[in-house]
Every structure is written in structure tokens, then in C-alpha cells.
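# Overview (structure and organization)
Next come the chains, spelled out residue by residue.
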Amino acid sequence: MTTDTITTSTQASYTSHDKRPRFPLPRYPTGWFAVAFSKDLAAGQVQPITAFGKELVLFRGEDGRAALLDAHCPHMGAHLGHGGKVKDNCIECPFHAWKMDRTGQCVEIPYAKKVPPKARIATWHMREQSGMILAWHHIDGEPPSWEPPVIPETSDPGWSGPEHRTWKIRTHNQEMGENAVDVAHFRYLHGTQNYPEAVIEFGTPLLHMRAETLMATPKGEVKGVIESHSYGFGLSLNRFSGLIETLLVATQTPVDDDFVEVHFNFYVKKLDNDDITRGVGKAFVAEISRQLGQDIPVWENKIYVHPPMLCAGDGPVGKYRKWARQFYPAHYIESSERAFAGS
Ligand code: FES
Ligand SMILES: [Fe+2]
């Protein structure tokens, strides 16, 4: 992915030399995950992408439509994201100029009359909407079973943004998502004044949460409502209202066996006074980023306790973990759990 600034902690004490897997979960869940943002891919541009432990190539045809393919050329394995060129809405390999179209099929070899029929690359289901390029991931390659949401605020002139932040964090997607239902940690890790009173619905695939809370602002703490919609582990929309309406579009993409890349895009509903909008926007970004900065060292160094030892006041962590199982094919969970148990 193209990133502005990446914050990576070097403090994590877990090393990949540890024999037991760190999490009793498949590393790459099912769902929609951001692989790029529309503004970073102009017509005719090519980007190498690492996601789901794989090398991919993203390109946008001259006609404006993007495509996501496996990265390596079927001919002799060159990476199309490094030196590949867009021509006639296809991608041309930098090595011997074979041309693949957006379905992954090789359609032209400049020095051969006949194209081998098996010369093709796997393509990925993708959607481009609300400024994001989202790829569908399923371990067994099954097609999308739901659609990602369209986010009206992202194209509404009454809203400012996005203000963008990004991090690369050594954790697992499921661990990050659990943060939202782990109500007790808000007070003790983040220092908020109260436990948010949350109403949580666990759906398929949506996890919907609504909570009343106190938000820190330059004018002190203000009572507000947080409403969050999580579409699996890759995308969540977090709307905050109180002093002003704000939206955080959070994407979490597992890039490899260790890291999850997180992007926060913040939007603020404009007020008549631009300075106030900017001021509130800045405070909002600073507060959410401050909280994430407190979560990161916990996530990077914790272990996954399975099952967790829960007590009253912990929030619906057990229900969350049951909800989470829908994002892995059952046989993968079982084999991961066996590996975790060391059997
Ligand atoms: S490796 Fe791509 S054309 Fe030869
Ligand atoms: Fe947190």
C-alpha cells in the first residue's frame, strides 16, 4: 500500500523463532480489506501490493478502471508491480513485454503469434468505492459473500477530510477488533472517565455497537455517542456525535505473517466557522491516535489467552470471539487450535 508515514514499534518481544504459533487463529481471515486508496492510483499507474502474505499488483487502465492480480508473470515470474506498464487497459510485463488484461489473461506476446492458452494470472475480487480499493480475501478462494458499505460522508461536500494516519502493527486482526468490545480497557488503558454503556449486536458479518461516552475536547470532556459498524475485521466505520459529528473510517489489512497495516481516515462535518472545524478535527485525530498509541504496545506484546478468563464488567468478549469464527473456514480454525495447543 502507499503510505504517508508508517509508525512501527520495535519494542515487541515476540519473535517468529518462537515455535508455537502466536495466535490459535488462521492468519488471514475472510472479508474485504483495503489494499490502496483511490487518490494514490491515477489512470495508467501500477502499484506493487503486499497483502494476505502474497505479492500482488494493482493497476488502473487508461479508462479509469482498476484491477488486482497476483504479482508474478506466468511466463518467467517477473513481478509486474516493479516496472510493469499499463497499455490498452492491460499490464505489460517489464521482462519480455507479455500483456495481461484485467481478467489476468495474457492477450499478446510481441514476438510470438500464438499465446499459450494457459498463460494467465489469478485475479482478485475488488471493489473501488468511498475512496478505497478493497480486495476480497477467502482462504479457499471462495467469491464474496457480502458487499462492503458505501460511505456517504466520504463524498459529501458538507464534510471535510480525510485526514489520514497509518500504522504497521505486529498483531492479528481479531485482536484489534476485540478492543471495541473490551469495555474495561477504556478506563484503565486509555484513562477515560467512565465505562462506555454499549449496546452491541453481533450479526453476519456486521458487528454494530452504540455507546454513550465522554470525549476529550479542547474545551474539556463532552458527552457523546459512538456508533460503530464493523464489517468483519478489515473495515469499520466509527461515527462520533456530540460537540460535532465526526467519522473515522478504519481499515486493517493483514500484510504478512507478522503485521497488520492500519489506516485511519478521519472526516469532520463542517461547521460555519472553518477554524472550529479544523480545531475539532485536530483534537479528534489526536485523541483517537493517542488511544491507538496506548493499544499498540499491548497488542504487540500480549499473548492470546484461549479461552479468556473473564469476569463481570469485561464486556462481551466471549460473544465477540464466537462472532469472529464466521471469518475463518471451520477446518482452518480447528487445525490452528491444534497447532496452538502444541499437538
Ligand atoms: S517474465 Fe513476464 S514476459 Fe517474461
Ligand atoms: Fe483501545
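These numbers come from a predicted model, not from an experiment.

## Thoughts on the coordination of the iron ion (ligand 2)
- The protein atoms that coordinate the iron ion (ligand 2) are Asn 179 (OD1), Asn 179 (ND2), His 185 (NE2), His 190 (NE2), Asp 295 (OD) and Asp 295 (OD), at distances spanning 2.1 to 2.7 Å.
- Each of the 6 donor atoms bound to the iron ion (ligand 2) contributes to angles spanning 50 to 157 degrees, and the resulting shape is irregular.
- Spacing between the donor residues of the iron ion (ligand 2) along the chain follows N-x5-H-x4-H-x104-D. Of the two residues, His 185 sits in helix α2 (residues 184-188) while Asp 295 sits in helix α3 (residues 274-301), which places them 110 residues apart along the sequence. Accessibility classification places His 185 together with Asp 295 in one group, the buried group.

## Topic: the sheet that holds strand β5 (residues 66-70)
- Spatially, β3-β4-β5 is the arrangement adopted by the 3 strands of the open sheet, whose pairing is antiparallel. Looking at strand neighbours, the two that pair on one side only are β3 (46-51) and β5, the edges of this open sheet. Strand-to-strand, the axes of this sheet are offset by a mean angle of 25 degrees, without reference to chain direction.
- Of the pairings in the sheet, the one linking strand β4 (residues 54-60) to β5 comprises 5 bridges and is antiparallel in character. Across the sheet, the residue bridging to Leu 56 is Asp 70, located in β5.

## Overview of the nonpolar core
- Leu 58, Leu 68, Phe 233 and Val 249 are the most contacted members of the largest nonpolar core, which totals 46 residues.
- The element best represented in this core is strand β2 (residues 31-37), accounting for 6 residues.
- Leu 68 has contacts with Val 35, Ile 49, Leu 56, Val 57, Leu 58, Thr 123, Trp 124, Met 126 and Ala 135, leaving out every residue within four places of it along the chain.
- Ranked by size, the runner-up nonpolar core spans 17 residues in total, among them Ile 169, Phe 264, Phe 266 and Trp 299.

## Looking at unusual backbone geometry
- At the junction of Gly 161 and Pro 162, the peptide bond is cis and its omega measures out at 5 degrees in the coordinates.
- Mapped onto the elements of the fold, Pro 162 is located in strand β12 (residues 159-169).
- Cis peptide bonds are those with omega within 30 degrees of zero, and the linkage from His 306 to Pro 307 qualifies with -5 degrees.
- In this fold, Pro 307 is placed in the loop between α3 and α4 (317-324).
- The backbone of Asp 88 sits at a positive phi, close to 50 degrees, despite the residue not being glycine.

## Overview of α3
- Between its first and last C-alpha atoms α3 spans 41 Å; for 28 residues at 1.5 Å apiece the expected length is 40 Å, and the two agree.
- Asp 295 marks where α3 bends most, by close to 25 degrees; the proline Pro 297 follows one to four residues later.
- Between the side-chain oxygen at the start of α3 and the backbone nitrogen of Asp 275 there is a gap of 2.8 Å, and the oxygen is on Asn 273.

## As for the pattern of salt bridges
- Summed over the entire model, instances satisfying the criterion amount to 15 salt bridges.
- In this structure, Arg 102 and Asp 63 form a salt bridge, with 2.8 Å as the shortest nitrogen-oxygen distance. Of this pair, Arg 102 sits in the loop between β8 (99-100) and β9 (106-108) while Asp 63 is found in the loop between β4 and β5, placing the two residues 39 residues apart along the sequence.
- Among the salt bridges present, the one from Glu 287 reaches Arg 290, with a minimum N-O distance of 2.9 Å. One end of the pair, Glu 287, and the other, Arg 290, are both in helix α3, 3 residues apart, so they sit about a helical turn from each other.
- You can call Arg 290 partly exposed: its relative accessible area is 33%.
- Connected via shared salt-bridge partners are Asp 88, Lys 99 and Glu 108.

## So, the domain arrangement of the protein
- Domain boundaries assigned for the protein yield domain 1 (27-137) and domain 2 (158-323).
- A separation of 33 Å is found between the C-alpha centroids of domain 1 and domain 2.
- Counting the surface lost from both domain 1 and domain 2, the interface buries some 1,300 Å², and carbon and sulfur atoms represent 60% of this.
- If you look at where domain 1 meets domain 2, you find 0 salt bridges.
- Run the count over domain 1 and domain 2 and you get 9 residue pairs in polar contact (both at pLDDT 80 or more).
- The element that contributes the greatest number of residues to the side of domain 1 that touches domain 2 is β2, accounting for 4 residues.
- Grouping the amino acids of the side of domain 1 that touches domain 2 by side-chain chemistry returns 9 nonpolar, 2 polar and 1 charged.

## A few points about the side chain of Arg 22
- On the secondary structure map, Arg 22 appears in the loop between β1 (7-8) and β2.
- Within the structure, Arg 22 has its side chain in polar contact with the backbone oxygen of Trp 299 (distance 2.8 Å).
- Here Lys 302 takes part through its backbone oxygen, which lies 3.4 Å from a polar atom of the side chain of Arg 22.

## A look at the side chain of Ser 130
- Considering the arrangement of structural elements, one finds Ser 130 in the loop between β10 (126-129) and β11 (132-137).
- Within the structure, Ser 130 has its side chain in polar contact with the backbone nitrogen of Ile 151 (distance 2.9 Å).
- Residues within four places of Ser 130 in sequence aside, it is in contact with Pro 149, Val 150, Ile 151 and Thr 154.

## With respect to the environment of Glu 175
- Note on placement: Glu 175 falls in helix α1 (residues 173-178).
- For Glu 175, a relative accessible area of 3% puts it in the buried group.
- As a C-alpha pair, Glu 175 and Pro 254 span 79 residues in sequence and 12 Å in three-dimensional space.
- Not counting residues up to four positions away in its chain, the partners in contact with Glu 175 are Phe 23, Trp 299, Lys 302, Ile 303 and Tyr 304.
- Here the side chain of Glu 175 touches Lys 302 through a polar contact of 2.9 Å, side chain to side chain.

Calculation rules
- Residues numbered from 1 in each chain as written.
- Chains lettered and ligands numbered in written order.
- Predicted model: local features only at pLDDT ≥ 70, side-chain atom pairs only at ≥ 80, totals over all residues.
- Heavy atoms only, no water.
- Donors = N, O, S within 2.8 Å, 3.2 Å for Na, K, Ca; no water.
- Tetrahedral: all angles 85-135°; square planar, octahedral: opposite > 155°, others 65-115°.
- Helix = DSSP H or I, 4+ residues; strand = E, 2+ residues; numbered from the N terminus.
- Buried < 20%, exposed > 50% of the residue type's maximum accessible area, 1.4 Å probe, protein only.
- Pairing = 2+ DSSP bridges.
- Axes fitted to C-alpha atoms, helices over the stretch in contact; angles between N-to-C directions.
- Core = buried A, V, L, I, M, F, W, Y, C linked by side-chain atoms within 4.5 Å.
- Contact = heavy atoms within 4.5 Å.
- Expected span 1.5 Å × (residues − 1).
- Bend = angle between axes of the 7 residues up to and from the residue.
- Polar contact = N/O pair within 3.5 Å; in protein donor to acceptor, adjacent residues only side chain to side chain.
- Salt bridge = Lys/Arg side-chain N within 4 Å of Asp/Glu carboxyl O.
- Domains from an automatic or database assignment.
- Buried area = accessible area lost by both parts, 1.4 Å probe.
- Nonpolar A, V, L, I, M, F, W, Y, C, P; charged D, E, K, R; others polar.

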